[in-house]
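Chains, contacts and geometry: an overview
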Amino acid sequence: MLGDPNENEAPVENQNARITIADNSMTHLSLEYSGAAAVHSMTVANSTLEHNYIRDVGYCGISWNWPKTQGPTLPYPPTNPALGYNMNNVVRNNDVSFFMRDTTDGGGIHSVGWGHNTTYTGNYFHDVETDCVSILYLDNFAAGFQLNNNVVDNCPNTVMGNPSP
């Protein structure tokens, strides 16, 4: 878990920022609490999640960019992005497989709200055997994201984009 689930906006000097999670192997997760993601970020800025191997997760491989409230940052879009946490983040070159083992409302990456200048690039999502909403799931007022060069392989049962027969 990155960030503070009790904060939505804060002065820049108090924000959770400049965090890097890289080169980790995360497997067989959320065994006791099936609703846990491998990595969950709440209100972070200028942070990076890269080159991680994530496999066998009860919920999302990555829950990134979750503000305290799941509605829009007001005003929407924010007029002063320097006050908004969820900005300038990068999630890149991660290998994520066998996620959504126990739940359905999620995906490989599940994001909520305003993600000003946040990029998801070069990630490899594969081998999901159960139903999920979407592989790259931008939910509840999600905006400000760039999705580039991600690969999805053998994930046939998504509700949005490739429904089950």
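What this report covers is the structure whose coordinates are included nearby. (Residues numbered from 1 in each chain as written. Predicted model: local features only at pLDDT ≥ 70, side-chain atom pairs only at ≥ 80, totals over all residues. Heavy atoms only, no water.)

Moving on to the overall build of the protein. Looking only at helices and strands, one finds zero helices and 13 strands in the protein. Along its sequence from the N terminus, the protein presents helices and strands in the succession β-β-β-β-β-β-β-β-β-β-β-β-β. Out of the 165 residues belonging to the protein, those deemed buried represent 45%. Pairs at least 24 residues apart make up 84% of the contacts formed inside the protein by residues separated by at least 6 positions. Carbon and sulfur atoms make up 50% of the accessible area of the protein, which amounts to about 7800 Å² in all. (Helix = DSSP H or I, 4+ residues; strand = E, 2+ residues; numbered from the N terminus. Buried < 20%, exposed > 50% of the residue type's maximum accessible area, 1.4 Å probe, protein only. Contact = heavy atoms within 4.5 Å. Areas by Shrake-Rupley, 256 points an atom, 1.4 Å probe, with all protein chains shown as cover.)

So, about the side chain of His126. Summarising the element assignment, His126 is placed in strand E11 (residues 124-126). Overall, His126 belongs to the buried group, its relative accessible area being 8%. Beyond its immediate sequence surroundings of up to four residues, His126 is in contact with Asp95, Val96, Ser97, Phe98, Asp153, Asn154 and Cys155.

With that out of the way, let us pick up the sheet that holds strand E13 (residues 151-153). Taken together, the five strands give an open sheet; going across it, the order is E3-E6-E9-E11-E13, and neighbouring strands pair in parallel fashion. Two strands close off the open sheet at either side, each with one partner strand: strand E3 (25-29) and E13. This sheet shows a mean twist of 10 degrees between the axes of neighbouring strands, independent of strand direction. Both E3 and strand E6 (residues 53-57) contribute to a ladder of four bridges, which runs parallel. Residue pairing in the sheet places Thr27 in a bridge with Arg55 of E6. (Pairing = 2+ DSSP bridges. Axes fitted to C-alpha atoms, helices over the stretch in contact; angles between N-to-C directions.)

This part is about the state of the cysteines. Covalent bonding between the sulfur atoms of two cysteines is what defines a disulfide. Throughout the structure, instances matching the rule amount to zero disulfides. Here Cys60 is not cross-linked by a disulfide; its sulfur's nearest cysteine counterpart is in Cys132, at 8.4 Å. Free cysteine: Cys132, not disulfide-bonded; nearest cysteine sulfur from Cys155 at 6.9 Å. (Disulfide = S-S within 2.5 Å.)

Overall, the coordinates contain three salt bridges when judged by the stated rule. Asp56 is the salt-bridge partner of Arg101, the closest N and O atoms lying 2.7 Å from each other. A residue pair is termed long-range when its members are at least 10 positions apart, and Arg101 in the loop between strand E9 (95-97) and strand E10 (109-121) and Asp56 in strand E6 qualify at 45 residues. Residue Asp56 is classed as buried on the basis of its relative accessible area, which comes to 18%. Each of Asp56, Arg101 and Asp102 takes part in one network of salt bridges that share partners. (Salt bridge = Lys/Arg side-chain N within 4 Å of Asp/Glu carboxyl O.)

So, on to the nonpolar core. The tendency in soluble globular proteins is for nonpolar side chains to be buried as a group. Residues Ile62, Trp64 and Phe99 are the most contacted members of the largest nonpolar core, which totals 28 residues. Counting residues per element, the ones that place at least two in this core are strand E4 (39-42), E6, strand E7 (62-66) and E10. When near neighbours in sequence (up to four residues on either side) are disregarded, Ile62 contacts Val39, Leu49, Ile54, Val91, Asn94, Val96, Gly108, Ile109 and His110. (Core = buried A, V, L, I, M, F, W, Y, C linked by side-chain atoms within 4.5 Å.)

A word on the pairing of E7. With respect to burial, E7 is a largely interior element, five of its five residues being buried. Two elements, E4 and E7, share three bridges in a ladder whose sense is parallel. Within the sheet, the bridge partner assigned to Met42 lies in E7 and is Trp66. One ladder, built from two bridges, connects E7 with E10; its direction is parallel. Bridge assignment links Ser63 to a residue of E10, and that residue is His110.

Here we take up the environment of Asn157. Looking at where Asn157 falls in the secondary structure, it is placed in the segment after E13. For Asn157, a relative accessible area of 18% puts it in the buried group. C-alpha of Asn157 to C-alpha of Ile135: the two residues are 22 residues apart in sequence and 9.7 Å apart in space.

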